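Topology and contacts: notes
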Amino acid sequence: MQKFNSVDELVNTIRPVDPIYCIRPNSIKTACNWFKSNFPGNILYAVKTNPSEKVVKYVGENGINRFDVASINEIKLIRKIFPEAKAYYMNTVKSREHIQEAYFNYNIKDFAFDTKDELQKIIEATKYAKDLVLYVRVSISNEHAEIDLSQKFGALPSEALGLLRLAKAHAKKVGLSFHVGSQCMHPISYAKGIRDLGNVIRKTKIIPDIINVGGGFPSIYPDLNPQPLESYITEIKKAFENLKLQNKPELLCEPGRALVAESGSSIVRVVLRKKQKLYINDGTYGSLFDAGIPNFVMPTRMIPNGRMTSKKLTSYSLYGPTCDSIDHMKGPFVLPNNLKEGDYIEIGQLGAYSLTFRTKFNGFYSNQIFEIQDKPIMSMYERDSSSSYLVA
Ligand SMILES: *Cc1c(COP(=O)(O)O)cnc(C)c1O
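Residues numbered from 1 in each chain as written. Predicted model: local features only at pLDDT ≥ 70, side-chain atom pairs only at ≥ 80, totals over all residues. Heavy atoms only, no water.

Taken as a whole, this structure holds 17 salt bridges when the rule is applied. Here Glu371 makes a salt bridge to Lys54, at a shortest N to O gap of 3.8 Å. Residue Glu371 is located in strand S19 (residues 369–372), and its partner Lys54 is located in helix H3 (residues 53–61); the two are separated by 317 residues in the primary sequence. A residue is classified by how much of its surface remains accessible, and Glu371, at 1% relative accessible area, is buried. A salt bridge links Arg96 to Glu124, with the nearest nitrogen and oxygen atoms 2.8 Å apart. In this pair, Arg96 sits in helix H5 (residues 96–106) while Glu124 sits in helix H6 (residues 116–125), placing the two residues 28 residues apart along the sequence. (Salt bridge = Lys/Arg side-chain N within 4 Å of Asp/Glu carboxyl O. Helix = DSSP H or I, 4+ residues; strand = E, 2+ residues; numbered from the N terminus. Buried < 20%, exposed > 50% of the residue type's maximum accessible area, 1.4 Å probe, protein only.)

For the pair helix H2 (residues 25–38) and H3, the least separation of the axes is 9 Å and the interaxial angle reads 40 degrees. Relative to H3, the element H2 is oriented oblique. Viewed along their axes, H2 and H3 form a crossing whose handedness is right-handed. Of the residues in H3, those in contact with Pro25, Ile28 and Cys32 of H2 are Val55, Tyr58 and Val59. Looking at the contact of H2 with H3, its residues break down into 6 nonpolar, no polar and no charged. (Axes fitted to C-alpha atoms, helices over the stretch in contact; angles between N-to-C directions. Parallel < 35°, antiparallel > 145°, perpendicular 65-115°, else oblique. Left-handed = near helix turned anticlockwise from the far one by under 90°. Contact = heavy atoms within 4.5 Å. Nonpolar A, V, L, I, M, F, W, Y, C, P; charged D, E, K, R; others polar.)

Here 8 strands make up a closed barrel; going around it, the order is S3-S4-S5-S6-S7-S9-S11-S12 and the pairing parallel. Averaged over neighbouring strand pairs, the angle between their axes works out to 25 degrees when direction is ignored. Taken together, the 3 bridges between strand S11 (residues 210–212) and strand S12 (residues 250–253) define a ladder with parallel strand orientation. Looking at the pairing, Ile210 lines up with Glu250 of S12. With respect to the sheet, helix H8 (residues 188–204) is in contact with strand S9 (173–177) and S11, its orientation differing from that of S9 by roughly 140 degrees. (Pairing = 2+ DSSP bridges.)

Here it is in structure tokens:
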């Protein structure tokens, strides 16, 4: 992988025709260090967020060397990069074959579930193993999240009582987990989740060995300006103390977005301008899926290319290269008003849920990835340095 000091240097050196992608190892390091210094427990990286080998490697080398995996291929990826790392199979819906392979071939002991049927599958596929760590995933309100996961995953708190009792009968250790939804905009969601787990604990009189507060920690976007991450940790600590448990469970979290979002940028090129519509060379079938129907607005910046950049800004919508009408990113994306064909744009905050969504639809696919050393356009961790970027 080629390395450059900055996005501008990279673009002016290679002047790419197709989209290219940047990884900032420094941003991954900053985020990992922040979680290690602030989260009062063990941290798992949610691999689905960005499974690029380089990214997984940087996360692990920066001391977050436990991994939340959801498929047998994610398990294989982790075993290839970090053969000894602890991986947790936290998808609540898995095939018997994959459970068996995970346990017997890849030394996975930690499994999540949210139904009795899934628990039965885990027990049978591991041949009644005695060393399982089983997590009951409880569905909690995702009201403050941009991406709601509560309808697809999690047992109702009332169902969780029976599941926790069953797990206790079969496992070496038991855990309770939840997910507040992705890009959670209010720290109170974690406190509510922990309180819901508290009710399960009181009613079953089972103190879990592990409490897993999941992912959902936010990043920063032009129209999504969450409270500092410190507030999230404060809520979690307070709610955890309020459970007043004598034997303190181990705390886990599973951040994805917050660890890697700001490490990644896509560099795209304007192929055609129609008034405020910019037709660019990447789109929702490429690295910009989340800018499509989920309508995330990423920070954008015109890359200086030798001609005058107008100081006057205007709002654009972006259109991707394929012939499908959903290949459209509504924005608004704020950029200089004199953009034209051939100009390059950096789109930031794309280290999470981006590269992994690329398809080859319509013949458009790019896999040119570079390492760069400059700062991201916006940062949750260095807010002052990004304050020049207008946030809502
Ligand atoms: C997706 C996912 C995560 C990561 O979520 P973020 O919102 O990116 O932090 C963590 N845990 C589970 C079980 C997930 O499915």
